[in-house]
Amino acid sequence: MRIALIKGDGIGVDVAEAAMAVVEAALAKVGMPAPSMDEIDAGAAYYRETGRDIAADAEDRAAQADAIFLGAIGLPSVRYPDGTEISPHLRLRDRFGLYAGVRPVRAYPNAPQRLADPRASGIDLIILRESTEGLFYSAAAHGRSLVVNDDEVQDILRITRKTTTKLHRFAFRLARKRRERGRSGQLTCVDKANVFTSLAFFRKIFDEVSAEFPDISAGHNYVDAQALDLIRRPWDFDVLVMENMFGDILSDLAGGLVGGMGMAACAEIGDETGMFQPAHGSAPDIMGHDKANPLAAILSGALMLDYLSEKLERSTLADAAALIDGAVETGFAGNLLRPMEFGGNMGTVAVTRQVLDLVNRAGMAR
């Protein structure tokens, strides 16, 4: 395997290194060699030094890899001339058509739970965020705003049949896979179809694709009602599919229910490749202080291995992914993982060492 590794900025460097160490340990446990790492320079610090936000040949090198792993991008003090943050990863999403943004939301024992209801301990859902269109189609990194002047700015919310059909088919297949693994497999289309023509179109395509999957229970929810329901009854949902900006907001809200962004893993998957990253930012205030929670990055590494098991048709990679997931579950259940983010006494290095130890001591997970 060949991984394009972008460590990026701030804590991105530390958590990316932690994730790759755990990935290599899990692969060794199942008898597979470590992947080849092609480290690519990118981010705000690189921009400050060179005037470029990513290495000149980065896209071609990333295209040759089996997957891309990203630590974190951005430093608040470093901006493009228009005042927006450094964001080459948005162009990578666009370049590789990474339309399916998978954001798992799972409660772990002994991790903080923000809801008092005991059912909150069973939260286990996925927010599926379209990652190339929607309102992010007009992100500053793409230069696609319709009007930009000192009197007015207009951005475009773009929904296309081609991308949305692929997204919804991905959603139904994901719901089916979840059901096969013991979850409900309930799929919910989250939109604002009562107000926006673009999102009525989004729902229309969802209903069309639904006919291809008669075995999957599917429904709808308006995004404002869904935000409320993530507080009132998140345990009733399994897979939620939505437009880009809605997914950006609701995935953070949902992440807060199960501890915080230090647990927020992310996969962004297209037809040819996938990019994997923790959904948190670069947190420069704790950079170099050994305080960052690396578990979002480590769990993103597991998502990468699971993805590669299908892409490369190697079931052993799914075994390695399950080892990582099982190690995190075991670590929390035994109160062996106590990240500082949650008020514990374990920094980046200690959490990583504990996960490595659990992976190395585990039996085969499948």
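Everything discussed here concerns the structure shown above.
A brief report on the enclosed structure follows. (Residues numbered from 1 in each chain as written. Predicted model: local features only at pLDDT ≥ 70, side-chain atom pairs only at ≥ 80, totals over all residues. Heavy atoms only, no water.)

1. Here's the deal with unusual backbone geometry
Positive phi values are uncommon outside glycine, yet Ala283 reaches one of about 40°. Mapping Ala283 onto the fold places it in the loop between β12 (274–278) and α9 (295–311). For Ala283, a relative accessible area of 24% gives the class partly exposed. Within the chain, Glu313 stands out as a residue other than glycine whose phi angle is a positive 55°. One can find Glu313 in the loop between α9 and α10 (315–333). (Helix = DSSP H or I, 4+ residues; strand = E, 2+ residues; numbered from the N terminus. Buried < 20%, exposed > 50% of the residue type's maximum accessible area, 1.4 Å probe, protein only.)

2. Here's the deal with the sheet that holds strand β3 (residues 67–72)
Taken in spatial order, the 10 strands line up as β2-β1-β3-β12-β11-β4-β5-β10-β8-β9 in an open sheet, and their pairing is mixed. Two strands bound the open sheet, and with one partner strand each, they are β2 (36–39) and β9 (218–222). Strand-to-strand, the axes of this sheet are offset by a mean angle of 25°, without reference to chain direction. Two strands pair when backbone bridges link them, and strand β1 (residues 2–8) and β2 are joined in this way by four bridges, in the parallel orientation. Directly across from Ile3, in β2, lies its bridge partner Met37. Set on the sheet, α9 makes contact with β1, β3, β4 (100–106), β11 (265–269) and β12; between it and β12 the angle comes to about 160°. (Pairing = 2+ DSSP bridges. Axes fitted to C-alpha atoms, helices over the stretch in contact; angles between N-to-C directions. Contact = heavy atoms within 4.5 Å.)

3. Some thoughts on the pairing of β11
Burial runs high along β11: five of the five residues are buried. Burial along β11 is two-sided: the face carrying Ala265, Ala267 and Ile269 and the face carrying Cys266 and Glu268 are both buried. Pairing between β4 and β11: three bridges, direction antiparallel. Paired with Gly101 across the strands is Glu268, a residue of β11.

4. Looking at the nonpolar core
With 90 residues, the main nonpolar core has Phe69, Leu187, Leu295, Met304, Phe332 and Val355 as its most contacted residues. Apart from residues lying up to four places away in sequence, Met304 is in contact with Ile3, Met20, Val23, Ala67, Phe69 and Phe276. If you look at the next biggest cluster of nonpolar residues, it comprises 17 residues, including Ala4, Ala65, Leu92 and Phe96. (Core = buried A, V, L, I, M, F, W, Y, C linked by side-chain atoms within 4.5 Å.)

5. Comments concerning the pairing of strand β8 (residues 187–191)
Judged by how many residues are buried, β8 sits mostly within the fold: five of five residues are covered. Of the two faces of β8, the one lined by Leu187, Cys189 and Asp191 and the one lined by Thr188 and Val190 are each fully buried. Where β8 meets β9, five bridges bridge the pair, whose relative direction is parallel. Across the sheet, residue Cys189 finds its bridge partner in β9, namely His220. Note on the crossover from β8 through helix α6 (residues 197–210) to β9: the handedness is right-handed. In this structure, β8 lies alongside strand β10 (residues 239–242), joined through four bridges in parallel fashion. When the bridges of β10 are listed, Cys189 appears paired with Val241. (Right-handed = clockwise from strand over helix to strand, strands pointing away.)

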